[in-house]
Amino acid sequence: MDCLFCKIAAGEIPSKPVYRDQTVLAIEDINPQAPTHILVMPVTHHANIGELSDAADGPLLAHLMEVATKLGRERGRDGYRLVMNTGEDGGQTVDHLHVHVLAGRHMTWPPG
Ligand code: 5GP
Ligand code: ZN
């Protein structure tokens with residue numbers, strides 16, 4: 001499959017991993033939007049959070065969020081932000097589910 005994050009998970013494209021286990025991989029974002037900007041993704045291909053929900057893989061979904069929240073807690077000063085851009089209107093540019101973990105600065109709302 002021609003998927004950037006599948007290739008990264010397979011080690012075919014280099015990345016800076018910060019966490020890896022059998023089902024979940026976390027890497028540094030190549031274009032960080034905060035002092036900490038990590039992408040947490042399943043090793044297996046799911047296009048977005050809706051597809052993972054459709055797959056009804058509750059343990060994978062829970063584990064993905066567990067890893068993301070742990071990294072946010074470790075890297076954040078006093079909080080952090082988790083983002084899952086989904087689809088065209090959601091601003092998703094890589095169609096392999098990933099959770100953005102943003103931390104290390106004060107975040108504003110609403111997002112752009
Ligand atoms: P999205 O727009 O789909 O929510 O997020 C995609 C993210 O992937 C962006 O923040 C972008 O900077 C990041 N990204 C795109 N290509 C690469 C890459 O080759 N390596 C890494 N580490 N991050 C990437
Ligand atoms: Zn993929």
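As the structure is a prediction and not an experimental result, all values here were calculated from the model.

### Re the overall build of the protein
Along the protein, the regular secondary structure elements total three helices and five strands. Moving toward the C terminus, one meets the helices and strands of the protein in the order α-β-β-β-α-α-β-β. A compact globule built from 112 residues would reach a C-alpha radius of gyration of about 13 Å, and the protein, at 13 Å, matches this within 12%. With the principal axes as the frame, the protein shows a C-alpha extent of 35 × 30 × 25 Å. At a minimum sequence separation of 6, the contacts of the protein that also span at least 24 residues come to 53%. Carbon and sulfur atoms make up 52% of the accessible area of the protein, which totals about 6800 Å². In the protein, which carries 9 positive and 14 negative side-chain charges, the distance between the mean positions of the two groups comes to 11 Å.

### Describing the coordination of the zinc ion (ligand 2)
Those protein atoms acting as donors to the zinc ion (ligand 2) are Cys3 (SG), Cys6 (SG), His45 (ND1) and His96 (ND1), and they sit at 2.0 to 2.3 Å. Between the four donor atoms coordinating the zinc ion (ligand 2), the angles at the centre fall across 107 to 115°, so the site counts as tetrahedral.

### With respect to the site of ligand 1
Every one of the 16 residues lining ligand 1 counts as a neighbour, but Glu28, Asp29, Asn85, Thr93 and His100 are closest to it. Separating a nitrogen atom of ligand 1 from a backbone N or O atom of Glu28 is a distance of 2.9 Å. In the complex, 83% of the free accessible area of ligand 1, which totals 520 Å², lies under the protein chains. For the shell around ligand 1, the leading source of residues is helix α1 (residues 4–9), giving three residues. Looking at the shell around ligand 1 residue by residue, the class counts come to seven nonpolar, seven polar and two charged.

### Considering the sheet that holds strand β2 (residues 24–28)
Judged by pairing direction, the sheet is antiparallel, and its five strands sit side by side in the order β1-β2-β3-β5-β4 without closing on themselves. Bordering the open sheet on either side are β1 (17–20) and β4 (81–83), each of which pairs with just one other strand. Across this sheet, the average inter-strand angle for adjacent strands is 20°, counted without regard to direction. As paired elements, β2 and strand β3 (residues 36–42) share five bridges and run antiparallel to each other. Its bridge partner being in β3, Leu25 is matched across the sheet by Met41. Lying over the sheet, helix α3 (residues 58–75) contacts β1, β2, β3, β4 and β5 (99–103), oriented at roughly 165° with respect to β3.

### Quick look at α3
With 18 residues, α3 extends 26 Å from end C-alpha to end C-alpha; this agrees with the ideal 26 Å at 1.5 Å per step. Those residues of α3 not exposed but buried are Leu60, Leu64, Val67, Ala68, Leu71 and Gly72. Seen along its axis, α3 keeps its buried residues to an arc of 130°; they face one direction. Away from its buried face by more than 90 degrees, α3 exposes Pro59, Arg73 and Glu74. Buried residues along α3 sit against β1, β2, β3, α2 (49–55), β4 and β5. The backbone nitrogen of Leu60 lies 3.1 Å from a side-chain oxygen of the residue at the head of α3, namely Asp57.

Thresholds applied
- Residues numbered from 1 in each chain as written.
- Chains lettered and ligands numbered in written order.
- Predicted model: local features only at pLDDT ≥ 70, side-chain atom pairs only at ≥ 80, totals over all residues.
- Heavy atoms only, no water.
- Helix = DSSP H or I, 4+ residues; strand = E, 2+ residues; numbered from the N terminus.
- Rg over C-alpha atoms; globule rule 2.2 N^0.38 Å.
- Contact = heavy atoms within 4.5 Å.
- Areas by Shrake-Rupley, 256 points an atom, 1.4 Å probe, with all protein chains shown as cover.
- Lys, Arg positive; Asp, Glu negative; His and termini not counted.
- Charge placed at Lys NZ, Arg CZ, Asp CG, Glu CD.
- Donors = N, O, S within 2.8 Å, 3.2 Å for Na, K, Ca; no water.
- Tetrahedral: all angles 85-135°; square planar, octahedral: opposite > 155°, others 65-115°.
- Near = heavy atom within 4 Å.
- Polar contact = N/O pair within 3.5 Å; in protein donor to acceptor, adjacent residues only side chain to side chain.
- Nonpolar A, V, L, I, M, F, W, Y, C, P; charged D, E, K, R; others polar.
- Pairing = 2+ DSSP bridges.
- Axes fitted to C-alpha atoms, helices over the stretch in contact; angles between N-to-C directions.
- Expected span 1.5 Å × (residues − 1).
- Buried < 20%, exposed > 50% of the residue type's maximum accessible area, 1.4 Å probe, protein only.
- Arc of directions from axis to C-beta.

Without other data, these values stay purely geometric and don't point to any function.
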